Structure formats: structure tokens, C-alpha cells
Amino acid sequence: MAAIATVVPSAGQILHGPPLPTLSEPAPVAPRSVGERIGHLRGWLAASGGHGVWILIWSLVGWGGTALAPFLTDHPFVLMLLAPRALFVALAVDSVALVPFVLAGTLRLAMTDASYFILGRRFPRDRSSSGRRPRSLVRMRVARAFVRWTDALCRWLCNHGVKAGTVLFFRPNGKYLAVAGSYGVSARVAGWSSVSGTMLYLASFHLGIGLIF
């Protein structure tokens, strides 16, 4: 009996013994402070080599034009050049002829396209994971799956000039050009596709609204 007692733990040992191991929860990620966000922005602007500043300047011009919209209703073409949003582009159709409308609008819309594409080239896409992870395991898995499928789609679209050029023709904006640069699309394909797509977009706007009204 004494031998059995030395092997079987007592009730006190069961109640007060070491706790059973539990699964550790992911450590919460502290939100970035304002100073950290400003520092991150400064680092990105420095790494962009001036292209980030150029994009920021024209973003401020667009925001300023949007804020001044109530005072520029009598000058819709100027408003479109400051902030080329779809509504302002539609308002400017009747104020100028087709050719200057398309040329000036294309120049304004393409003002930062080259910078977006060059930034994509400077920060090429790799398969390394980011340091900041979602707080929960489910969100982390969903985020990784989303990134994996998005990466596969972008690689498939950018591995041939025809596919990449088609996307940029119908979606000629800075974000898509940055993705194209990041995935190694030819600068010639990106440039011609985005410029011709922008010109067709503006011409369709001008002619379509002109026919309606």
C-alpha cells in the first residue's frame, strides 16, 4: 500500500499541482501612434526618390479642387483640371471642344501615372510576409489566403503584355500602374495602354454626354 501511495498523487497534489498547459493566444498588436505614422510616411517619401512627393502634391491639388468646387461651378473646365473626378469631367464637357478636352484631360489624369509605375519598379513584389499580422488566427489565415490568391492573379495578368495592356487600357489609373511596375510589366506597354485608354475614356465621355444633351 505504501508503494501505491508513493505513485498515486493525493487530492491536494491534484488540486494544487502545476496547471495544465494551455494554448497561447496571439499577442495583440498595438496600434501605431501618430509619430510612428509620420515617420513611416517620411521614410516612404525618402525611399521614393521624389516620386512620392510628386504624387502627394497632385493629391493635394485634387483635394483643393474638390474643396473649391462650389466656387468654380462657372468654370467647370478649370475644376476638371484641378480635380478630374467623373462628376467634374461630366460638367466640363459642354465648356470646351473635343480635342482640347481630351488632350488636357489626358495630361491631367496622367500627371502622376509615370511616378506610380516607377514606384512599382522600385518596390517589386516579393513573397515575404509583412511584420504586422492580424490579431486573430482566423484573420491571419484569411489575410494570407487573400494575399496569396491576389498575388497569383496579378502574376498571371502581368506575365504577358497583351493581358497587362488590356487591364491598363480599361483601368488606366495610378494604382494599377504601380502594380504593373511591381510585377515587371514593360514600360512601353504600360505607357501606351494607359494613355490610349485615358483618351478613349475622355472621348467617350465627351461624345456620349454630348449626344444625350
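Scroll up to find the structure this text is about.
First things first, this report covers the structure right here in the doc.

**Let's talk about the side chain of His51**
Then, number 1: For His51, the position within the fold is in helix 4 (residues 51-67).
Then, number 2: Judged by its relative accessible area of 18%, His51 is buried.
Then, number 3: With near-sequence residues (within four places) excluded, His51 lies in contact with Ser115, Ile118, Leu119 and Arg122.

**Points about the environment of Phe123**
Then, number 1: Tracing the backbone through its elements, the reader meets Phe123 in the loop between helix 8 (113-122) and helix 9 (137-158).
Then, number 2: In this structure the C-alpha to C-alpha distance between Phe123 and Gly181, which are 58 residues apart in sequence, comes to 8.5 Å.

**What to know about the packing of helix 4 against helix 8**
Then, number 1: Their axes nearest at 9 Å, the elements helix 4 and helix 8 cross at an angle of 145 degrees. Handedness of the crossing formed by helix 4 with helix 8: left-handed. Contacts between helix 4 and helix 8 involve His51, Gly52, Trp54 and Ile55 on the former and, on the latter, Ser115, Tyr116, Ile118, Leu119 and Arg122.
Then, number 2: For the contact of helix 4 with helix 8, the class distribution of residues is 5 nonpolar, 3 polar and 1 charged.

**Considering the packing of aromatic side chains**
Then, number 1: For the coordinates displayed, the defined rule picks out 3 aromatic pairs.
Then, number 2: Aromatic side chains Phe169 and Phe170 sit 5.1 Å apart centroid to centroid with 90 degrees between the ring planes, which places their arrangement in the edge-to-face category.
Then, number 3: Judged by its relative accessible area of 26%, Phe169 falls in the partly exposed class.
Then, number 4: The exposure class of Phe170 is exposed, given its relative accessible area of 60%.
Then, number 5: Note on Tyr201 and Phe205: the rings are 5.3 Å apart at their centroids and 80 degrees apart in plane angle, and the pair reads as edge-to-face. Placement of both Tyr201 and Phe205 in helix 12 (residues 187-212) is noted, with a separation of 4 residues, approximately one turn of the helix.

**Considerations on the nonpolar core**
Then, number 1: The biggest cluster of nonpolar side chains holds 11 residues, and these are Met80, Val89, Ala92, Val93, Val96, Phe101, Val102, Leu202, Ala203, Phe205 and Ile209.
Then, number 2: Breaking this core down by element, the ones donating at least two residues are helix 7 (98-109) and helix 12.
Then, number 3: Here the element with the most residues in this core is helix 12; it accounts for 4 residues.
Then, number 4: Look past the residues within four positions of Met80 in its chain and what remains in contact with it is Phe88, Val89, Ala92, Phe101, Gly105 and Arg108.
Then, number 5: Counting 10 residues, the second largest nonpolar core, distinct from the first, contains Phe117, Leu168, Tyr183 and Ala190.

**Things to note about a nonpolar patch on the surface**
Then, number 1: Residues Leu98, Val99, Leu103, Val195, Met199 and Leu207 make up a contiguous nonpolar surface patch of roughly 490 Å² in combined accessible area.
Then, number 2: Elements that contribute at least two residues to the nonpolar patch include exactly helix 7 and helix 12.
Then, number 3: Residue placement: Val99 occurs in helix 7.

Scoring rules and cut-offs
- Residues numbered from 1 in each chain as written.
- Predicted model: local features only at pLDDT ≥ 70, side-chain atom pairs only at ≥ 80, totals over all residues.
- Heavy atoms only, no water.
- Helix = DSSP H or I, 4+ residues; strand = E, 2+ residues; numbered from the N terminus.
- Buried < 20%, exposed > 50% of the residue type's maximum accessible area, 1.4 Å probe, protein only.
- Contact = heavy atoms within 4.5 Å.
- Axes fitted to C-alpha atoms, helices over the stretch in contact; angles between N-to-C directions.
- Left-handed = near helix turned anticlockwise from the far one by under 90°.
- Nonpolar A, V, L, I, M, F, W, Y, C, P; charged D, E, K, R; others polar.
- Phe/Tyr/Trp six-rings, centres within 6.5 Å; stacked < 30°, edge-to-face > 60°.
- Core = buried A, V, L, I, M, F, W, Y, C linked by side-chain atoms within 4.5 Å.
- Patch = residues over 30% accessible without salt bridge, like charges linked within 9 Å, V, L, I, M, F, W, Y side chains within 5 Å.
- Areas by Shrake-Rupley, 256 points an atom, 1.4 Å probe, with all protein chains shown as cover.
- Salt bridge = Lys/Arg side-chain N within 4 Å of Asp/Glu carboxyl O.

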